[in-house]
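In case you want the letters, here they are:
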Amino acid sequence: MSYSTADSLPRVTLDDVRGAQKMLTGVARTTAMEGSRYLSQLVGAPVHFKCENLQRTGSFKLRGAYVRIAGLLPEERAAGVVAASAGNHAQGVALASSLLGVRSTVFMPTGAPLPKVAATRDYGAEVRLHGQVVDETLAAAQEYAAETGAVFIHPFDHPDIIAGQGTVGLEILEQCPEVRTIVVGIGGGGLAAGIAVAVKALRPDVRIIGVQAAGAAAYPLSLAAGRPVAVDNPSTMADGIKVGRPGDVPFRIVEELVDEVRTVSESHLSSALLLCLERAKLVVEPAGASPVAALLSEPGTFEGPVVALLSGGNVDPLLMQRILRHGMAASGRYLAVTLRLTDRPGALATLLGVLSVADANVLDVSHVRTDPRLGLTEVEVELHLETKGPEHCAEVGRALREAGYRVID
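Student: Please provide a residue-by-residue account of the overall build of the protein chain, values included.
Tutor: Per the secondary structure count, the protein chain includes 16 helices and 15 strands. Each principal axis of the C-alpha atoms in the protein chain carries an extent, and together these give about 80 × 50 × 40 Å. A total of 409 residues make up the protein chain; the buried ones form 55% of that total. Taking contacts inside the protein chain between residues at least 6 apart in sequence as the whole, the part at least 24 apart equals 72%. In the form shown here, the protein chain has an accessible surface area of approximately 17600 Å², with 50% of it arising from carbon and sulfur atoms. Within the protein chain, one finds 37 positive and 44 negative side-chain charges whose respective centroids are separated by 3 Å.

Student: Would you mind going over the packing of aromatic side chains in detail, with residue names and values included?
Tutor: Under the defined criterion, the tally for this structure stands at two aromatic pairs. Positioned above the aromatic ring of Phe-302 is the side chain of Arg-262, whose terminal nitrogen or guanidinium carbon lies 4.5 Å from the ring centre.

Student: Describe helix α3 (residues 61-70), and please don't skip the residues or the numbers.
Tutor: With respect to burial, α3 is a largely interior element, ten of its ten residues being buried. Where the residues of α3 are buried, they touch α1 (14-23), α4 (74-79), β5 (81-84), α5 (88-100), β8 (151-152) and α8 (159-175).

Student: So what's going on with the side chain of Lys-200? Which residues, and what values?
Tutor: Topologically, Lys-200 is positioned in helix α9 (residues 190-202). For Lys-200, the side chain forms a polar contact with the main-chain oxygen of Pro-204, separated by 3.5 Å. In contact with Lys-200, not counting residues within four places along its chain, are Val-206, Arg-207, Ile-208, Leu-257 and Asp-259.

Student: Describe the confidence of the model for the protein chain, listing the residues and the values that go with them.
Tutor: Per-residue pLDDT for the protein chain has a mean of 90; in total, 95% of the residues score no lower than 70. A low-confidence stretch, residues 1-6 (pLDDT under 50), is modelled with 14 contacts involving residues beyond four sequence positions or located in other chains.

Student: An account of the pattern of salt bridges is needed here, citing residue identities and associated values.
Tutor: Under the definition given, this model contains 16 salt bridges. Note that Asp-248 and Arg-245 form a salt bridge whose closest N and O atoms lie 3.0 Å from each other. Arg-245 sits in the partly exposed class, given a relative accessible area of 37%. Here Glu-260 ties to Arg-262 by a salt bridge, and the two come within 2.9 Å at their closest N and O atoms. Residue Glu-260 is classed as partly exposed on the basis of its relative accessible area of 25%. On the basis of relative accessible area, Arg-262 is assigned to the buried category, the value being 10%. Residues participating in the shared-partner salt-bridge network are Lys-50, Glu-52, Arg-63 and Glu-171.

Student: Account for the environment of Leu-335, naming residues and giving values.
Tutor: Within the secondary structure layout, Leu-335 lies in strand β13 (residues 334-342). Here the alpha-carbon distance between Leu-335 and Ser-36, two residues 299 residues apart in the chain, equals 28 Å. Residue contacts for Leu-335: discarding those within four places in its chain leaves Leu-383, His-384, Leu-385, Thr-387, Cys-393 and Val-396.

Student: Can you explain unusual backbone geometry? Please cite residues and give values.
Tutor: Omega for the bond connecting Gly-304 with Pro-305 falls within 30 degrees of zero, at 0°, which places this linkage in the cis form. Although it is not a glycine, Thr-57 adopts a positive phi angle of roughly 70°. With respect to the element layout, Thr-57 can be found in the loop between β4 (47-51) and α3. For Thr-57, a relative accessible area of 6% puts it in the buried group.

Student: Could you give me a rundown of the nonpolar core, with the residues and numbers involved?
Tutor: Where a protein is soluble and globular, its nonpolar side chains tend to be buried together. Counting residues in each nonpolar core, the largest one holds 56 residues, and the members touching the most others are Ile-69, Val-81 and Ile-195. Residue contributions to this core peak at eight residues, all from α9. Ile-195 has contacts with Gln-165, Gly-166, Val-168, Gly-169, Ile-182, Val-184, Ile-208 and Leu-309, leaving out every residue within four places of it along the chain. Core analysis: the second largest hydrophobic core is formed by 39 residues, Cys-51, Ile-241, Ala-289 and Val-315 among them.

Student: So what about the pairing of strand β6 (residues 104-108)? Which residues, and what values?
Tutor: By the criterion of burial, β6 is predominantly enclosed, with five of the five residues buried. Residues Ser-104, Val-106 and Met-108 line one face of β6 and the alternating positions Thr-105 and Phe-107 line the opposite face, and both faces are buried. With four bridges joining them, β5 and β6 adopt parallel strand pairing. From the neighbouring strand, Val-81 faces β6, where its bridge partner is Ser-104. Relative to strand β7 (residues 126-129), β6 runs parallel, the two being bridged by four bridges. Bridging from a neighbouring strand, Phe-107 pairs with Arg-128 of β7. This β-α-β element, β6 to helix α6 (residues 114-122) to β7, shows right-handed connectivity.

What counts and how
Residues numbered from 1 in each chain as written. Predicted model: local features only at pLDDT ≥ 70, side-chain atom pairs only at ≥ 80, totals over all residues. Heavy atoms only, no water. Helix = DSSP H or I, 4+ residues; strand = E, 2+ residues; numbered from the N terminus. Buried < 20%, exposed > 50% of the residue type's maximum accessible area, 1.4 Å probe, protein only. Contact = heavy atoms within 4.5 Å. Areas by Shrake-Rupley, 256 points an atom, 1.4 Å probe, with all protein chains shown as cover. Lys, Arg positive; Asp, Glu negative; His and termini not counted. Charge placed at Lys NZ, Arg CZ, Asp CG, Glu CD. Phe/Tyr/Trp six-rings, centres within 6.5 Å; stacked < 30°, edge-to-face > 60°. Lys NZ or Arg CZ within 6 Å of the ring centre and 35° of its normal. Polar contact = N/O pair within 3.5 Å; in protein donor to acceptor, adjacent residues only side chain to side chain. pLDDT = per-residue confidence, 0-100. Salt bridge = Lys/Arg side-chain N within 4 Å of Asp/Glu carboxyl O. Core = buried A, V, L, I, M, F, W, Y, C linked by side-chain atoms within 4.5 Å. Pairing = 2+ DSSP bridges. Right-handed = clockwise from strand over helix to strand, strands pointing away.

As structure tokens, then:
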């Protein structure tokens, strides 16, 4: 790696990314590029998915982890490696280490989803659960590295990691040479930085747009300040890009080469995940769906052809269930209403009859009879309904009001 005279941070070059691509031959898959008819119609230009959710370990993370560990000196390999992660980086490090014959220890938060913990163990790592949040887990991993001499493998703030992730950019140019815009989710910045290095060196005309969750958007603040700035208590369902502070190395690259960083809401993230599942038949985690969320939120602002990078597909089934319900609500296909009835036999049956005529599917019913806000003969009913879209939601509400019901919520 070469070094910048401006700030002595290591620089990543196209040659580094090409070297990483050779190193990953036979290790990382060249993942599929799939067209999206629905998004193409919405955007008004061809839209393609780069499916890193179908990569080994379920995300792009294997690329950078393998390049980083493969570049260690023999004595460093002998000492083993250590990482801290809630999921994707953990699995990437575990598999890369196993393939290279290096001992790995991975620290994960105590609340990490069980499927991700099991997968990391299955890939060959020793898993240690520590801390309630990733910052505590990270501190424990770094303490372990200091005590044992194991090499700490950072998830994004290292030039080898960035070069490995940049191989995704080379594949995009090979698979879609006519691309005009690449949309990629950003957490710490390693993936976006690597793609920007590769793509801008070969196709400076291609526009690169980064996407962050609005509740964990450290990059807009950092770019405005001209330096990495931490966000306190980042909050988003997209744990893969839930990073409080950009990495020093990727930040400088993003600042120089990424054209724009946008933010998306939680509603658009859940709607994007639902779209990937229903329309493309692809299981994508919220972070991986963030580029799709950006396309949904402002479809008319992208020059096509567009490649949206689906960076990962490792989503806990229980979280998926909650997100899908959130996505259905965001797209107008799930309606929660609360209303009050006279507490008498047959009242609920009459209400359900009105909903049946309105063609709303009842998913759940909850009765409240003991709230002090209720009258002596009143009962409060909360209904969760499956609907066909915003217009149908309005029709259901109108049918309830016409039948004499007072909708509270």
